[in-house]
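Below, each chain spelled out in residue letters.
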Amino acid sequence: MPILTTAIVTFILLVLIGIIVGLFLNRAGRSWLGRQIAGATGAGDITFALVGIAGSFMGFHIGVILELLPTLLLYVAAIAGAFVTIILWRRA
């Protein structure tokens, strides 16, 4: 049972990390006018949150592959993965 609980908590934390990073970069990275134009083209809060979630999962699993054992480092890798994914996605 503890393994299942830990897996669910990790899943929820990664989703929250992705949403928070996505919303932060969408809100802080653009002006009001830029958000209005991006909202008209469909690249709004939900899109940024979804890309952030994907990036947090990628960063977390890359951290697992690199054997970052302390749990805190894995979540730092998830935050970094979300940031990098959104920044690369915005430039494309």
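A brief report on the enclosed structure follows.

What counts, and where the lines are drawn
- Residues numbered from 1 in each chain as written.
- Predicted model: local features only at pLDDT ≥ 70, side-chain atom pairs only at ≥ 80, totals over all residues.
- Heavy atoms only, no water.
- Helix = DSSP H or I, 4+ residues; strand = E, 2+ residues; numbered from the N terminus.
- Buried < 20%, exposed > 50% of the residue type's maximum accessible area, 1.4 Å probe, protein only.
- Contact = heavy atoms within 4.5 Å.
- Phe/Tyr/Trp six-rings, centres within 6.5 Å; stacked < 30°, edge-to-face > 60°.
- Expected span 1.5 Å × (residues − 1).

## Description of the environment of Ala78
When you line up the elements, Ala78 lands in helix α4 (residues 71-91). Given a relative accessible area of 0%, Ala78 falls into the buried group. With 20 residues separating them in the primary sequence, Ala78 and Met58 have C-alpha atoms 7.1 Å apart. Sequence-distant contacts of Ala78, defined by excluding residues within four places in its chain, comprise Leu14, Ile17, Gly55, Ser56, Gly59 and Phe60.

## Focus on the packing of aromatic side chains
Applying the stated rule across the entire model yields 4 aromatic pairs. Arranged with centres 6.5 Å apart and planes meeting at 75 degrees, the rings of Phe24 and Phe83 form a pair that is edge-to-face. With Phe24 in helix α1 (residues 2-28) and Phe83 in helix α4, this pair connects stretches of sequence that are 59 residues apart. Assessed through its relative accessible area of 48%, Phe24 is described here as partly exposed. Centre to centre, the rings of Phe60 and Tyr75 are 5.8 Å apart; their planes meet at 40 degrees, and the pair counts as tilted. Note that Phe60 is positioned in helix α3 (residues 45-65) and Tyr75 in helix α4, a separation of 15 residues in sequence. What makes Phe60 buried here is its relative accessible area of 11%.

## Observations regarding α3
Over its 21 residues, α3 runs 30 Å from end to end, which matches the ideal 30 Å to within 8%, given 1.5 Å per residue. Among all positions of α3, only Phe48, Ala49, Val51, Gly52, Ile53, Gly55, Ser56, Gly59, Phe60 and Gly63 are buried. Taken from the residues just after α3, Glu67 is the one with a positive phi, measuring 60 degrees.

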